[in-house]
Amino acid sequence: MRPEKTPPGSSQLGTSPPVPHHPELDAPPPAASPAMIMSALAAPPIHPSAQAAAPPELTVVVPCYNERPNIAPLIAKLDAALTGIAWEVLFVDDDSPDGTAAEARRIAAHDPRVRCIRRIGRRGLASAVIEGALASSAQYLAVMDGDLQHDETRLPAMLAALRGGDCNLAVASRHVAGGDAAGLGPRWRHALSDGGIHVAQRLLPVRLSDPLSGFFMLPRELFERLAPSLTGQGFKILLDIVLSAPAGLRVTEIPSRFRERAAGKSKLDVLVLAQFAGLLLDKLLGGVVPLRFIAFAAVGALGVLVNLAVLTVALKLGQVPFASAETAATVLAMVFNFVLNNEITYRDQRLRHTPLWRGLVLFMLVCGLGAAAGIGIARALYSEHTAWSLAGATGAVIAVVWNYAVSATLVWRAR
Ligand SMILES: Nc1nc2c(ncn2[C@@H]2O[C@H](COP(=O)(O)OP(=O)(O)O)[C@@H](O)[C@H]2O)c(=O)[nH]1
Ligand SMILES: [Mg+2]
């Protein structure tokens, strides 16, 4: 390809500088033979049931992370379960290392009912669902897992319930007659789920036997209205929706069995549970104090304990001079805070590799400045006869707010 602009001092007809010649780019495209045209028309094969594709009435949003082996079987199961319904499936993948998105796109290349969003540098089931749902134009939205644990044959019953207008939220429940949670796994998962359901039910404005279900359907228009109020935190998107909904939510529960996971691994871990607690706390506080700030402040409080512990050990056991002990304790506490914030507070934007080290340095600079400002203000207040406790607390609050605000923009800035 030739440069678009003529370099200064040269002319198209002039002799210098020589324009590099790429015969393969300059050559006209080869003439297509009849055989080539036929094969281009023949491939890729469009899925037969999608050929006369009507705009979808239903978008099935599937959050997925490392679910490559489950993608094709899930599409086949949806195809079988949703005959007669104009549907599409939208996979929302967080850049899974196993190539989940590539697998979805491979099938999407010949089946227009399959779509995929690949999010980079982000993690989180709930936020993936929100993003997928907002990319739909269908009348109804279903949310289901991408690991075949949800029984897709329940989808037509859920859609029928919504179409009938008796309800505006259809939840597939493991805990009504005909439902079954056997596939949940070991006993501790059942105990955890039962405990979570119990806590959630106390907070809910509507009666739901399975508020932790990840399998439900609702009109897109209702979701669009609720979307600005959703926290997008953690695993429990249904709970988020129900707690954000104004009065007037009419729920139908459809019995469903929860199958065992055939391939891949569960992503539920202790931090996901902590996010569940965070979601409940956020709703209890009415969303006034950002959840991240609470997590950041809690991590900061733990950092103070680390600082004191290191200082005590260095002074009492190590006989280290105070200045060195204090410096070491502060640096260690900052590293500890950075790691915890990266894993918990900013779990969905976790830094890895080079950005991790860059983030650590920035974090230490930001927090160092915050600490200096806090100490300065506390000293100034104290010298003006403010009680030591009030002066100290004011300095600490100023430092934590500064650290939070600046590190949110500089260290874990949203991509
Ligand atoms: N996009 C996205 N999907 C996720 C994430 N974590 C879990 N999922 C998907 O959410 C669904 C439920 O997760 P799973 O680990 O099976 O939870 P479990 O069934 O409670 O053990 C599965 O399809 C996962 O692949 C995530 O961080 N991002
Ligand atoms: Mg699962």
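Residues numbered from 1 in each chain as written. Chains lettered and ligands numbered in written order. Predicted model: local features only at pLDDT ≥ 70, side-chain atom pairs only at ≥ 80, totals over all residues. Heavy atoms only, no water.

A. Seen up close, the overall build of the protein chain. Of the regular secondary structure elements, the protein chain holds 14 helices and seven strands. In the protein chain, 76% of the contacts between residues at least 6 apart in sequence involve partners at least 24 apart. Element-wise, carbon and sulfur atoms account for 65% of the exposed surface of the protein chain, whose accessible area totals about 21,900 Å². (Helix = DSSP H or I, 4+ residues; strand = E, 2+ residues; numbered from the N terminus. Contact = heavy atoms within 4.5 Å. Areas by Shrake-Rupley, 256 points an atom, 1.4 Å probe, with all protein chains shown as cover.)

B. Representation of the coordination of the magnesium ion (ligand 2). Taken together, the protein ligands of the magnesium ion (ligand 2) are Asp-147 (OD) and Gln-149 (OE1), with distances of 2.0 Å. Note on Gln-149: relative accessible area 8%, which makes it buried. (Donors = N, O, S within 2.8 Å, 3.2 Å for Na, K, Ca; no water. Buried < 20%, exposed > 50% of the residue type's maximum accessible area, 1.4 Å probe, protein only.)

C. Local environment of the packing of helix 9 (residues 237-244) against helix 10 (residues 270-284). The geometry of helix 9 relative to helix 10 is characterised by a closest axis approach of 11 Å and an angle of 5 degrees between their N-to-C directions. Our classification of the angle between helix 9 and helix 10 gives roughly parallel. Of the residues in helix 10, those touching helix 9 at Leu-239, Asp-240, Leu-243 and Ser-244 are Phe-276, Leu-279, Leu-280 and Lys-283. (Axes fitted to C-alpha atoms, helices over the stretch in contact; angles between N-to-C directions. Parallel < 35°, antiparallel > 145°, perpendicular 65-115°, else oblique.)

D. Highlighting a nonpolar patch on the surface. The grouping of Trp-188, Leu-192 and Leu-273 at the surface amounts to a nonpolar patch, some 280 Å² of accessible area in total. Inspection of the secondary structure assignment puts Leu-192 in helix 7 (residues 187-203). A relative accessible area of 32% places Leu-192 in the partly exposed class. (Patch = residues over 30% accessible without salt bridge, like charges linked within 9 Å, V, L, I, M, F, W, Y side chains within 5 Å. Salt bridge = Lys/Arg side-chain N within 4 Å of Asp/Glu carboxyl O.)

E. Representation of the site of ligand 1 within the structure. If you check the shell around ligand 1, you find 20 residues, and the closest are Glu-67, Arg-123, Asp-147, Ser-266 and Lys-267. In the model, an oxygen atom of ligand 1 is placed 2.9 Å from a nitrogen or oxygen of the Tyr-65 main chain. One of the side-chain N or O atoms of Arg-261 is found 2.8 Å from an oxygen atom in ligand 1. Burial of ligand 1 by the protein amounts to 96% of the accessible area it has alone, namely 570 Å². Counting only elements with at least two residues in the shell around ligand 1, the list comes to strand 1 (58-64) and helix 5 (125-134). Along the lines of polarity and charge, the residues of the shell around ligand 1 split into eight nonpolar, four polar and eight charged. (Near = heavy atom within 4 Å. Polar contact = N/O pair within 3.5 Å; in protein donor to acceptor, adjacent residues only side chain to side chain. Nonpolar A, V, L, I, M, F, W, Y, C, P; charged D, E, K, R; others polar.)

F. Structural detail: the packing of aromatic side chains. Applying the stated criterion to the full structure yields six aromatic pairs. Between Phe-338 and Trp-412, the aromatic rings sit 5.5 Å apart at their centres with planes inclined by 25 degrees, giving stacked as the arrangement. Highlighted residues: Phe-338 in helix 12 (residues 322-345) and Trp-412 in the segment after helix 14 (388-410), separated in sequence by 74 residues. Across the pair, exposure class does not vary: Phe-338 and Trp-412 are buried alike. One aromatic cluster is present, formed by Phe-338, Tyr-346, Phe-363 and Trp-412 through successive ring pairs. Positioned above the aromatic ring of Tyr-65 is the side chain of Arg-123, whose terminal nitrogen or guanidinium carbon lies 3.6 Å from the ring centre. (Phe/Tyr/Trp six-rings, centres within 6.5 Å; stacked < 30°, edge-to-face > 60°. Lys NZ or Arg CZ within 6 Å of the ring centre and 35° of its normal.)

G. Spatial organisation of the pairing of strand 1. Across the seven residues that make up strand 1, a large majority, seven, are buried. Neither face of strand 1 is left uncovered, since the one carrying Leu-58, Val-60, Val-62 and Cys-64 and the one carrying Thr-59, Val-61 and Pro-63 both have all their residues buried. Pairing analysis gives seven bridges linking strand 1 to strand 2 (residues 87-93), with the strands arranged parallel. Bridged to Val-62 within strand 2 is Phe-91. For the crossover that starts at strand 1, traverses helix 3 (residues 68-81) and ends in the parallel strand 2, the hand is right-handed. Pairing analysis gives four bridges linking strand 1 to strand 4 (residues 140-143), with the strands arranged parallel. Within the sheet, the bridge partner assigned to Val-61 lies in strand 4 and is Val-143. (Pairing = 2+ DSSP bridges. Right-handed = clockwise from strand over helix to strand, strands pointing away.)

H. Spotlight on the sheet that holds strand 5 (residues 169-173). Spatially, 3-2-1-4-6-5-7 is the arrangement adopted by the seven strands of the open sheet, whose pairing is mixed. Edge strands, defined here as strands with exactly one partner in the open sheet, are strand 3 (114-118) and strand 7 (251-255). Shown here is a sheet whose adjacent strand axes are inclined to one another by a mean of 20 degrees, direction ignored. Contacts from helix 9 reach strand 5 and strand 6 (216-219), with the element oriented near 40 degrees to strand 6.

I. Representation of the pairing of strand 5 within the structure. Counting buried residues in strand 5 gives five out of five residues, a clear majority hidden from the surface. Bridge count for strand 5 against strand 7 is five bridges, and the pairing is parallel. Of the residues in strand 7, the one forming a bridge with Leu-169 is Val-251. Inspection of the sheet shows strand 5 paired to strand 6 by two bridges, in the antiparallel sense. Residue pairing in the sheet places Ala-170 in a bridge with Met-217 of strand 6.

J. Quick look at unusual backbone geometry. Backbone geometry places Asn-66, a non-glycine residue, at a positive phi of 50 degrees. Among the structural elements, Asn-66 can be located in the loop between strand 1 and helix 3. Of note, the phi angle at His-353 is positive, near 55 degrees, even though the residue is not glycine. Secondary-structure assignment places His-353 in helix 13 (residues 353-383).

Read these as spatial facts, not as claims about activity.
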